[in-house]
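# Tertiary structure, described
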Amino acid sequence: MRRRDFRENKQPLVMIIPMIDIMLFLLVFFMISTIYMVQTNSFQVNLPQSKTAQQETRPNVISVTVTSNGEVIYDNEKIVVNQQLVQKIHATLAADSETVFLLLGDKSVKYEQVVGVLEILKKSGVKHVSMATEVKN
């Protein structure tokens, strides 16, 4: 039987592979969790669902929301009169004519109200309008 020599000092081993695995796991975790933290709108709207839904990738996107009680919200600001909406659209288009307007309509709101806002956008000279939906599972 061999006796143990307690005077012998072994250097501890630093295992780098498990540390890299943990760092990659944390990186992926934070990347995926931040995807769900970003929202296009701060107002709660129940969007209709579509199988062909795509996310808008242009840099200048303005959201126009029709809430369930019929209010129109232009880029997180309530609009009372349609003339106010037209003025805001013209000011935005003067700054950038390629602005994309994202139209969000609650699924419980009347279709006529969403079409009314869409008509105002088209009459104001908007070239790019997208309708927001949720992806069906």
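Up top is the structure.
Computed from a prediction, not measured in an experiment: that's the story for all the values here.

### Focus on the nonpolar core
Membership of the largest hydrophobic core comes to 18 residues, with the highest contact counts inside it found for Val64, Tyr74, Leu85, Ile89, Phe101, Val117 and Leu121. At the level of elements, strand 2 (61-66), strand 3 (72-74), helix 2 (82-95), strand 5 (100-105) and helix 3 (111-123) are the ones that each hand at least two residues to this core. Among residues more than four places away in sequence, those in contact with Tyr74 are Ile62, Ser63, Val64, Ile79, Leu85, Lys88, Ile89, Thr92 and Phe101.

### Here we look at the pattern of salt bridges
For the structure on display, the rule yields 3 salt bridges. In this structure, Lys78 engages Glu71 in a salt bridge whose closest nitrogen and oxygen atoms are separated by 3.5 Å. Judged by its relative accessible area of 31%, Glu71 is partly exposed. Residue Glu98 pairs with Lys127 through a salt bridge whose shortest N-O separation is 3.6 Å. Linking Glu98 in the loop between helix 2 and strand 5 with Lys127 in the loop between helix 3 and strand 6 (128-131), this pair joins segments that are 29 residues apart in sequence. Its relative accessible area of 38% is what places Glu98 among the partly exposed residues.

What counts, and at which threshold
- Residues numbered from 1 in each chain as written.
- Predicted model: local features only at pLDDT ≥ 70, side-chain atom pairs only at ≥ 80, totals over all residues.
- Heavy atoms only, no water.
- Core = buried A, V, L, I, M, F, W, Y, C linked by side-chain atoms within 4.5 Å.
- Buried < 20%, exposed > 50% of the residue type's maximum accessible area, 1.4 Å probe, protein only.
- Helix = DSSP H or I, 4+ residues; strand = E, 2+ residues; numbered from the N terminus.
- Contact = heavy atoms within 4.5 Å.
- Salt bridge = Lys/Arg side-chain N within 4 Å of Asp/Glu carboxyl O.

Keep in mind these values describe shape, not function.
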